[in-house]
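# Coordinates in review
Read off the chains here:
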Amino acid sequence: MRITIHYLLAVVGRVLQDALRVYVTLLKILIPALLIVKGLELLGMIEWLGAALAPLMSTLGLPEQMGVVWPPVSG
C-alpha cells in the first residue's frame with residue numbers, strides 16, 4: 001500500500017479539524033466556569049461553598065477541602 005502526500009494532508013487536515021472542534025468546545029465550557037468561580041471568589045462565596053460541600057465530600061470519603069479546590073487550604 002502506497003501512501004500519497006495528498007492522503008497524508010487529508011488525514012492531517014481532518015485531525016486538525018477535530019482538534020479545533022474539541023478546543024472550541026472546551027473553551028465554551030471553561031471560560032464561563034472560570035468567570036463564575038472568579039466572581040464567587042470576589043464575592044467571598046468560595047469559603048461558604050466549601051463549608052456547604054464539606055459534608056458531601058466526607059460522605060464520598062474525600063477530604064472536606066476538596067469541595068472547593070481552588071482556594072489555598074491552610075492547615
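Below: a short report on this structure. Note that the coordinates shown come from a computational prediction; the quantities given were computed from them, not determined experimentally.

The rules behind each value
Residues numbered from 1 in each chain as written. Predicted model: local features only at pLDDT ≥ 70, side-chain atom pairs only at ≥ 80, totals over all residues. Heavy atoms only, no water. Helix = DSSP H or I, 4+ residues; strand = E, 2+ residues; numbered from the N terminus. Buried < 20%, exposed > 50% of the residue type's maximum accessible area, 1.4 Å probe, protein only. Expected span 1.5 Å × (residues − 1). Bend = angle between axes of the 7 residues up to and from the residue. Contact = heavy atoms within 4.5 Å. Salt bridge = Lys/Arg side-chain N within 4 Å of Asp/Glu carboxyl O. Patch = residues over 30% accessible without salt bridge, like charges linked within 9 Å, V, L, I, M, F, W, Y side chains within 5 Å. Areas by Shrake-Rupley, 256 points an atom, 1.4 Å probe, with all protein chains shown as cover.

### Some words on the environment of Ala 51
Tracing the backbone through its elements, the reader meets Ala 51 in helix H2 (residues 45-59). Taking the relative accessible area as the measure of exposure, Ala 51 reaches 53% and is therefore exposed. Linking Ala 51 and Glu 64, residues 13 residues apart in sequence, is a C-alpha distance of 8.0 Å.

### So, H2
Here H2 spans 22 Å end to end across 15 residues, near enough to the 21 Å set by a 1.5 Å rise per residue. In H2, a bend of some 40 degrees at Leu 53 exceeds every other bend along the element, and Pro 55, a proline, comes one to four places later. For H2, the secondary structure elements touched by its buried residues are helix H1 (5-42).

### Some points on the pattern of salt bridges
This structure, assessed with the given rule, holds two salt bridges. A salt bridge links Asp 18 to Arg 21; its shortest N-O distance comes to 2.5 Å. You can see Asp 18 and its partner Arg 21 sitting in helix H1, three residues apart, about one turn around the helix. Residue Asp 18 is classed as partly exposed on the basis of its relative accessible area of 41%. Residue Arg 21 is classed as exposed on the basis of its relative accessible area of 52%.

### Details of a nonpolar patch on the surface
There is a patch of nonpolar side chains on the surface, built from Leu 20, Tyr 23, Val 24, Leu 27, Ile 31 and Leu 35 and spanning about 560 Å² of accessible area. With respect to the helices and strands, Leu 27 occurs in helix H1.

### Considerations on H1
In this model, H1 (38 residues) spans 53 Å end to end at C-alpha, consistent with the 56 Å of a helix rising 1.5 Å per residue. Residue Gly 44 follows H1 closely and has a positive phi angle near 75 degrees.

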